[in-house]
Amino acid sequence: RCSDSYRDLVMFSIMTVILLAYLPLLNYTQASYLTGAFLCGCIFSQIEHAHHTFMEKTHQLMTWLLRVFFAASIGFQVPVKQFGDPFVIGWGFILYLCVAAKLPLA
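Residues numbered from 1 in each chain as written. Predicted model: local features only at pLDDT ≥ 70, side-chain atom pairs only at ≥ 80, totals over all residues. Heavy atoms only, no water.

Tell me about the packing of aromatic side chains, and please be specific about residues and values.
Summed over all chains, the structure comprises 1 aromatic pair. Here F87 and W91 contribute two aromatic rings whose centre-to-centre distance is 6.4 Å and whose plane-to-plane angle is 70 degrees, an arrangement assigned as edge-to-face. Of this pair, F87 and W91 are both found in helix α4 (residues 86-105), 4 residues apart, which corresponds to roughly one turn of the helix. (Phe/Tyr/Trp six-rings, centres within 6.5 Å; stacked < 30°, edge-to-face > 60°. Helix = DSSP H or I, 4+ residues; strand = E, 2+ residues; numbered from the N terminus.)

Structure follows, in structure tokens:
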């Protein structure tokens, strides 16, 4: 047993150690490493305080990572070479006018 002041730190450390053990173990056994992350989540999903601790400790990091990965996944899909095409510029201008016309009405 540990004191109440260290309980969150110990629980988060145990979660991290189990996750870091499951990822290479399941990858080594030819399963997906994501299965290890899933199993670690299944283990601690039954403990209400563990979910609260995880969200409290990783909220800022998860918010930043979601922004970066979302921006990268959308950014890599945009065909930048087509921005100089007059057809694309025309449609961009038309859509801009539609949004600009909607702003005073909304």
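Requested: an account of a nonpolar patch on the surface, with residues and values cited.
A surface patch of nonpolar side chains, about 1000 Å² in accessible area, is lined by F70, I74, V78, V80, F83, F87, V88, W91, I94 and L95. At the level of secondary structure, the elements contributing two or more residues to the nonpolar patch comprise α3 (48-75) and α4. Position of I74 among the secondary structure elements: in helix α3. (Patch = residues over 30% accessible without salt bridge, like charges linked within 9 Å, V, L, I, M, F, W, Y side chains within 5 Å. Areas by Shrake-Rupley, 256 points an atom, 1.4 Å probe, with all protein chains shown as cover. Salt bridge = Lys/Arg side-chain N within 4 Å of Asp/Glu carboxyl O.)

Please give an account of the state of the cysteines that cites residues and values.
One pass over the structure, following the stated rule, counts 0 disulfides. You can see C42 has no disulfide; the closest cysteine sulfur is in C40, sitting 9.3 Å from it. A residue is classified by how much of its surface remains accessible, and C42, at 34% relative accessible area, is partly exposed. (Disulfide = S-S within 2.5 Å. Buried < 20%, exposed > 50% of the residue type's maximum accessible area, 1.4 Å probe, protein only.)

Report on α4, specifying residues and quantitative values.
Because each turn of an α-helix spans 3.6 residues, side chains separated by three or four positions end up pointing in the same direction. Counted at 1.5 Å a residue, the expected span for α4 with its 20 residues is 28 Å, and the 29 Å between its end C-alpha atoms agrees. Burial of α4 is sparse: only 0 of the 20 residues sit out of reach of the surface. (Expected span 1.5 Å × (residues − 1).)

I'd love a proper account of helix α2 (residues 33-45), names of residues and values included.
With 13 residues, α2 ought to run about 18 Å at 1.5 Å a step, and its terminal C-alpha atoms sit 19 Å apart, in line with that. For α2, the capping residue at the N-terminal end is S32, with a side-chain oxygen 3.1 Å from the backbone nitrogen of L34. (Polar contact = N/O pair within 3.5 Å; in protein donor to acceptor, adjacent residues only side chain to side chain.)

Report on the packing of helix α1 (residues 7-28) against α3, specifying residues and quantitative values.
Put simply, α1 and α3 touch, their axes get as near as 10 Å, and they point 85 degrees apart. Taken together, the axes of α1 and α3 lie roughly perpendicular to each other. In this structure, α1 uses D8, M11, F12 and M15 to contact α3, whose residues at the interface are H49, A50, T53, F54, K57 and T58. Broken down by class, the residue content of the contact of α1 with α3 amounts to 5 nonpolar, 3 polar and 2 charged. (Axes fitted to C-alpha atoms, helices over the stretch in contact; angles between N-to-C directions. Parallel < 35°, antiparallel > 145°, perpendicular 65-115°, else oblique. Contact = heavy atoms within 4.5 Å. Nonpolar A, V, L, I, M, F, W, Y, C, P; charged D, E, K, R; others polar.)

Outline the layout of surface pockets, supporting the account with residue identities and numerical values.
If you add up the space inside the largest pocket, you get close to 300 Å³. Together, 13 residues line the largest pocket, and M15, C40, G41, F44 and F54 are the ones closest to its centre. Elements with a minimum of two residues in the lining of the largest pocket: α1, α2 and α3. The dominant element in the lining of the largest pocket, judged by the number of residues it contributes, is α2, at 5 residues. (1 Å grid on protein atoms, 1.4 Å probe; cavity = no way out; pocket = protein on both sides within 12 Å on 5 of 7 lines; lining within 4 Å. Points joined across faces, edges and corners; volume = space filled by probe spheres on them.)

Keep in mind these values describe shape, not function.
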